[in-house]
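The primary structure of each chain is shown beneath.
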Amino acid sequence: MAGTPDSTVILHWDEYEAVWAELSWRDWVRFRGFDESGFRLLVGAEAGEHYFLVCVLGDRGELCNVIPHRYVMSTDGRLVHGFDGLGAAERAESSKLEELPLPSIEDTERYKELGARGFSVNLPPQYTVQSLLKVMPGLAGAQESAACWNFLSAIGVCRSGTQAH
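Computed from a predicted model, the values in this text were never measured in an experiment.

Undergrad: Can you tell me about the packing of aromatic side chains, naming the residues and giving the values?
TA: Geometrically, a pair of aromatic rings is defined through the distance of the ring centres and the angle of the planes. All chains considered together, the criterion is met by seven aromatic pairs. With a centroid separation of 5.3 Å and an interplanar angle of 80°, the aromatic rings of Phe31 and Tyr71 are classed as edge-to-face. Of this pair, Phe31 sits in helix α1 (residues 25-31) while Tyr71 sits in strand β4 (residues 63-73), and the two are 40 residues apart along the sequence. Overall, the relative accessible area of 0% leaves Phe31 in the buried class.

Undergrad: Just give me the short version of the environment of Gly115, but keep the residues and values in it.
TA: Note that Gly115 resides in helix α3 (residues 105-121). Note: C-alpha distance between Gly115 and Leu139 (24 residues apart in sequence) is 24 Å.

Undergrad: So what about the pairing of strand β1 (residues 8-14)? Which residues, and what values?
TA: Judged by how many residues are buried, β1 sits mostly within the fold: six of seven residues are covered. Pairing analysis gives five bridges linking β1 to strand β3 (residues 48-57), with the strands arranged antiparallel. Within β3, the position partnered with Leu11 by the bridge is Leu53. Bridging between β1 and strand β2 (residues 19-23) involves five bridges; their strand directions are antiparallel. Each residue of the ladder has a partner; that of Trp13, found in β2, is Trp20.

Parameters and conventions
Residues numbered from 1 in each chain as written. Predicted model: local features only at pLDDT ≥ 70, side-chain atom pairs only at ≥ 80, totals over all residues. Heavy atoms only, no water. Phe/Tyr/Trp six-rings, centres within 6.5 Å; stacked < 30°, edge-to-face > 60°. Helix = DSSP H or I, 4+ residues; strand = E, 2+ residues; numbered from the N terminus. Buried < 20%, exposed > 50% of the residue type's maximum accessible area, 1.4 Å probe, protein only. Pairing = 2+ DSSP bridges.

Set out below in structure tokens:
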């Protein structure tokens, strides 16, 4: 699995406690089904929708990127469904476009369009943002050009002197 525990922090929205809590790398890898067991399990998680944020940090601990994830989990803590905002045909199209060695401008634009839909359906609810800002790692050190601002502006957080999209 791409990323490392040293440069990645996983946050999980705990609906019951109304807080973002850090999830261990090992638990994240197991939940995503990338460990040796192959089970997609998160012990102690209740059934329903769950939001996760993969926070990628730079060499100095600054926030570089945030990748939102939204999943439905079963009563036994297993991952049942992930959201990408796409239908089956669009998902196949996106995969095909991703594999093109030299995509055309139109192919690139379409791929970005499909990716933007997948991004937006995975954003956490607005009521979680205040709690998130208290625990988001490396936010104060985020560079002006960092990819994390795509996520942050989508949830209404602006760099100093700018307005939310």
